[in-house]
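Structural overview for review
Each chain, letter by letter, is given below.
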Amino acid sequence: MSVLIFLLPIALALGSIGLAGFLWSLRAGQYEDLDGAALRILTDDDVGQAQ
Amino acid sequence: MDVSADLSGYVQTRADGAAEIDFAVQGILCGTCIGVIERAIARMQGAPKPRLNYTMRRLHVSWTAANFNPADVARVLAPLGYTVRPFDLAASEDEDARRSRALMRCLAIAGFAAMNVMLLSVSIWAGNASDIDDNTRDMFHWISALIALPAAFFAGQPFFLSALGALRARSLNMDVPISLGVSLALVMSVFETATHAHHAYYESALMLLFFLLAGRVLDDAMRSRTRAIVNNFASLRAFQAFRVNTDGGITEVPVKALRHYDVVLVRPGEKFPIDGKILSGSSEIDDSLVTGESSHRRVEADDPVYAGAINLSGTVRAEVHAAGNDTLLHEIERLLETASSGKSRYVLLADRVARYYAPAVHLGALVTAIGWFLAGASLHDAIVAAIAVLIVTCPCALALAIPAVHVVASGSLFRRGLLLRKADALERLAEVDTVVFDKTGTLTRPEPGIANRAKVPADLLAIAARLALSSRHPLARGIAVEAGASSPFDNVVEESGRGVRTIVDGEELRLGSPDFCGIDADYAGDASRLSVIAVRHGARCCTIQVKQVLRPDAAACIAWLKQTGIGVEILSGDNLHAVNEVAVKLGIEAAQGGIKPAEKVRRLEDLRAQGRRVLMVGDGLNDAPALAAAHASLSPSTAADVSQSVADAIFLGDRLQPVCDAITGSRRAMRLMRENLWLAAIYNILAVPLAVFGVLTPLLAAAGMSGSSLLVTLNALRARDIDEHSIKQSRKSRRSQPQISAPLTAGVGT
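In short, a report on the structure. (Residues numbered from 1 in each chain as written. Chains lettered and ligands numbered in written order. Predicted model: local features only at pLDDT ≥ 70, side-chain atom pairs only at ≥ 80, totals over all residues.)

Listed per partner, the contact involves 18 residues of chain B and 20 residues of chain A. Those elements that provide at least two residues to the side of chain B that touches chain A are helix H1 (32-42), strand S4 (49-53), helix H3 (91-129) and helix H4 (134-155) of chain B. Grouping the amino acids of the side of chain B that touches chain A by side-chain chemistry returns nine nonpolar, seven polar and two charged. (Contact = placed C-beta atoms within 7 Å. Helix = DSSP H or I, 4+ residues; strand = E, 2+ residues; numbered from the N terminus. Nonpolar A, V, L, I, M, F, W, Y, C, P; charged D, E, K, R; others polar.)

What follows is the structure in structure tokens.
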């Protein structure tokens, strides 16, 4: 059972990384325009620049 | 005329020196608009950074260069077909944004904690069935406690604070049993952990919090989106005033910056921003939004004018007589206060249920404890059984039953062009048995329509419509809307009060008053209700008669209401003759005209005294007190600001269909809410005896709780389709629907 000493902190740390990521995305305003984000991916603004 | 716009009141300066401004945008149809708008802004002088929020229909522009003028944004976007207005991020909306972010944070914490604790709990359950040793189990329990206690303390705040508020006001709401259940589950778990017991309930408490928060987040997202769209309308209509400065220059200023004895310039097509009197110039004005009177009034020097009236034909200068508290607007607001205080505060269904539910649960737990104790159990076992009752009855399903239906139903009404503004609107709309309509702007379209369409050659009409797009005149706007024009001509010159003209392929095109186009007007019938516009293309020309027309589906909507057994009445400020004409056309027996705002309220009170639940549908300033006094109220999105601010819901577009949808949708939602309450009650009836007799294990309780929540949520999803035959009708009438409303509803609904 001594393996738990490593496994539990690892599990919690991974979870915390996910949580921190979510809180960061929330603060960065990524949830403020959910419909727009889905549509922005369709615009070809970057195509002209690449050529 | 050189006009400088003053947007300084809307510009905010950030800490890093950049300036920013928000605009409400109208005319967004689909995803392509994002790129079109942002590219157009980014190309402007001063390299501003645009960001369009597609969900909220807002444009945020930030810039650092001094040579960028935010007033140019409107000028750049207008030819592309977008209307923008600077948007004052209202304090209330700022508060909303903060609250939704806080809710999301709570949801994230609860989700993180619930997942990790569940991981540990499943291990314990599996271990309990096989060979877990006591030390490992205790360690797992203590780790769970370490995660669960702070997480629940943080994520439970929305419920704890609301429950505290209710208790302080000596009442019970749904959050009281929720808070009690969560905190008792946690306290009991710590107690069980300390006494090396086999079971703890950390995961139940966290799962409950997670589910409930998910419901609240969805509800909040739906409502803040609705509110944003409603606020956009308000700022799109919030009229700016053109102040004549002492040096003769003209500045565009917000209405609230005007002072007594300032002079404002009002051009044709603009609204009077103030109460006051005409100083110079003469014009016809449309008072319909103020008084409901549909025929136009001629004003000259020294005549009084009121805020909200539309200037139709000539440019006038008016002196501000009443600013702020002395306006007619304020007078109506005072009437409003009295009217709304007459309507007793409506108690939400969820809270009404909680009023009976909470005491019943607490009593049940107490009886369980006493029962076990009397039957010879130890004090510890008796208390454990009582707490199990509290946990099992923790109103997970009950608390989801109503909000879930609410979210789904208001979402589907939103897609149909109905924006619910108040939390209890669905419940009150569902109880309606009488609908009272205003006439002008409600049963009739907000813009005038073409009366002699058959006599106008199609190509001339198309030209007229495209020309009309360049005019500020309200009659022109009516033509553009009805003929469905979308692209204006280039280089159009507007001659104030007369018309617009341009030259295409060497031929002159004109739209305006008949003598502007060089022909005699052929007035037919009642001249005060009919306006004549002429269009000229080279040598050809013809006249277009413009008058108030009914909304395209008004007759179908009224017929449907009557067929459904709902009483229909018209109360209008317009004269009796005009009201009767509409009433006869629509087959409405009860119609009254020439009614003052106070009389409308009195009529509604009479109806209420007869035990009727009245839905008031109106748009004018004169309807506002009646909207506040009615059991439920609807306003079109073109309504006066005051009316919208008191209405329970706002409908978009040109059709009355949303009124029917509001009734079917809310009735269906209420039926589902009741079904859900029954489902939750049945779950409790089955689970509570098991808990009372002490046979419910945590696993069973968790399964039962999730199962019932799932069932209730799935049932709530049925609120999505508002069927009935009304939809078939709307498909048929969509063909005759003018274009402007289609993008409006479609755009909002995506």
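Residue and element names in this part refer to chain B. With phi around 45°, alanine 47 is a residue other than glycine that occupies positive phi space. Residue placement: alanine 47 occurs in the loop between H1 and S4. Here aspartate 505, not a glycine, exhibits a phi torsion of approximately 50°, which is positive. Looking at where aspartate 505 falls in the secondary structure, it is placed in the loop between strand S20 (499-504) and strand S21 (507-512). C-beta crowding within 10 Å serves as the criterion here: with 6 such atoms nearby, aspartate 505 is assigned to the exposed category. (Buried ≥ 20, exposed ≤ 12 C-beta atoms within 10 Å, placed from the backbone.)

Let's shift gears to the sheet that holds strand S17 (residues 434-437) of chain B. Residues and elements named next belong to chain B. Strands sit in the order S16-S28-S27-S26-S17-S24-S25 across an open sheet of seven strands; the sheet is mixed. What marks the edges here is a single partner per strand, and that holds for strand S16 (418-420) and strand S25 (590-592). Neighbouring strand axes in the sheet, compared pairwise and without regard to direction, differ in orientation by 20° on average. Relative to strand S24 (residues 567-571), S17 runs parallel, the two being bridged by four bridges. Across the sheet, residue valine 435 finds its bridge partner in S24, namely valine 568. Lying over the sheet, helix H19 (residues 597-609) contacts S17, S24 and strand S26 (614-617), oriented at roughly 160° with respect to S26. (Pairing = 2+ DSSP bridges. Axes fitted to C-alpha atoms, helices over the stretch in contact; angles between N-to-C directions.)

Residue and element names in this part refer to chain B. Position of leucine 265 among the secondary structure elements: in strand S9 (residues 263-266). Each C-alpha atom, one on leucine 265 and one on leucine 686, is 72 Å from the other, the two residues being 421 residues apart in sequence. Among all residues touching leucine 265, those that are not within four sequence positions of it are Phe242, Val244, Ile250, Thr315 and Arg317.

Across soluble globular proteins, you tend to see nonpolar side chains buried next to one another. Residues and elements named next belong to chain B. Core analysis: the largest hydrophobic core is formed by 164 residues, its most contacted members being Ala110, Ala205, Leu206 and Leu209. Per element, the largest residue contribution to this core is 14 residues, and it comes from helix H22 (residues 657-692). In this structure, Leu461, Val481, Leu509 and Ile544 belong to the second largest nonpolar core, which totals 23 residues. (Core = buried A, V, L, I, M, F, W, Y, C linked by C-beta atoms within 7 Å.)

Okay, the environment of histidine 196 of chain B next. All names here are of chain B. Position of histidine 196 relative to the elements: it lies in the loop between helix H6 (175-194) and helix H7 (202-237). Residue classification places histidine 196 among the exposed residues on the basis of 11 C-beta atoms within 10 Å. When the C-alpha positions of histidine 196 and alanine 628 are compared, they lie 60 Å apart, and in sequence the two are 432 residues distant. Among all residues touching histidine 196, those that are not within four sequence positions of it are Asp134 and Asp138.

Residues and elements named next belong to chain B. Judged by pairing direction, the sheet is antiparallel, and its three strands sit side by side in the order S12-S11-S14 without closing on themselves. If you trace the sheet from one side to the other, it starts and ends with strand S12 (297-299) and strand S14 (310-311), each paired once. Looking at chain direction, strand S11 (residues 283-286) and S12 are connected through three bridges and run antiparallel. From the neighbouring strand, isoleucine 285 faces S12, where its bridge partner is arginine 297.

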